[in-house]
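# Notes for the structure review
Residues per chain, in single letters:
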Amino acid sequence: QVQLVESGGGLAQRGGSLRLSCVASGDISRFDIMAWYRQVLGKQRELVAGFSADGRTNYADSVRGRFTASRDNAKDTMYLQMDSLKPEDTALYYCYARRPGRIGASEYWGQGTQVTVSS
């Protein structure tokens with residue numbers, strides 16, 4: 001039922017910028033958590049930035065000050081503005097969302113969008 005679709009990935013040079021978008025098929029106000037993760041082949045998926053259940057915005061230390069997560073409830077979209085990109089930011093970026101329920105929470109993942117940063 002719920003689908004998350006990421007877009008905005010691509011190629012960038014060191015110091016460049018990209019903005020990722022995650023469009024949800026449902027009302028994002030129903031999600032208590034939305035977040036951006038990234039993953040490199042052979043490595044664990046890493047939390048990059050997101051919105052906690054308590055409404056706080058959090059960032060990985062590696063991206064704090066360079067990346068900014070935001071939401072537009074009217075468009076059911078979450079964004080990740082990435083500035084001052086570094087080659088180590090190269091990864092497949094995923095959108096994640098959690099919706100609470102009486103029995104338990106439901107979790108959703110997008111298909112991912114590739115970000116490649118050249119040196």
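You'll find the structure just up there.
Remember, it's a predicted structure, so these values are computed and weren't measured experimentally. (Residues numbered from 1 in each chain as written. Predicted model: local features only at pLDDT ≥ 70, side-chain atom pairs only at ≥ 80, totals over all residues. Heavy atoms only, no water.)

### As for the packing of aromatic side chains
Applied cut-off: Classification of ring pairs uses Phe, Tyr and Trp, with its six-membered ring standing for Trp, and accepts pairs whose centres are within 6.5 Å; under 30 degrees between planes counts as stacked, over 60 as edge-to-face, and the remaining range as tilted. Only DSSP runs of H or I with at least four residues qualify as helices, and only runs of E with at least two residues qualify as strands; both kinds are numbered from the N terminus onward. Categorising residues by exposure relies on relative accessible area from a 1.4 Å probe, with only protein chains included: less than 20% of the type maximum marks a residue as buried, more than 50% marks it as exposed, and the intermediate range marks it as partly exposed.
In the structure shown here, the tally under the stated rule is 5 aromatic pairs. Their ring planes at 70° and their centres at 5.8 Å tell us that Tyr-37 and Tyr-96 sit as a pair that is edge-to-face. Of this pair, Tyr-37 sits in strand 4 (residues 33-39) while Tyr-96 sits in strand 9 (residues 91-99), and the two are 59 residues apart along the sequence. Judged by relative accessible area, Tyr-96 falls into the buried class, the value being 6%. Taken together, a centroid distance of 6.3 Å and an interplanar angle of 90° make the contact between Tyr-94 and Trp-109 edge-to-face.

### Points about the state of the cysteines
Quick reminder of the rule: In this description, a disulfide is simply a cysteine sulfur pair whose atoms lie within 2.5 Å.
Counted by the stated rule, this structure contains 1 disulfide. Linked covalently through their sulfurs, Cys-22 and Cys-95 form a disulfide whose S-S length is 1.9 Å. Across the S-S bond linking Cys-22 and Cys-95, the dihedral sits near -75°, which makes this disulfide left-handed. Residue Cys-22 is located in strand 3 (residues 18-24), and its partner Cys-95 is located in strand 9; the two are separated by 73 residues in the primary sequence.

Keep in mind these values describe shape, not function.
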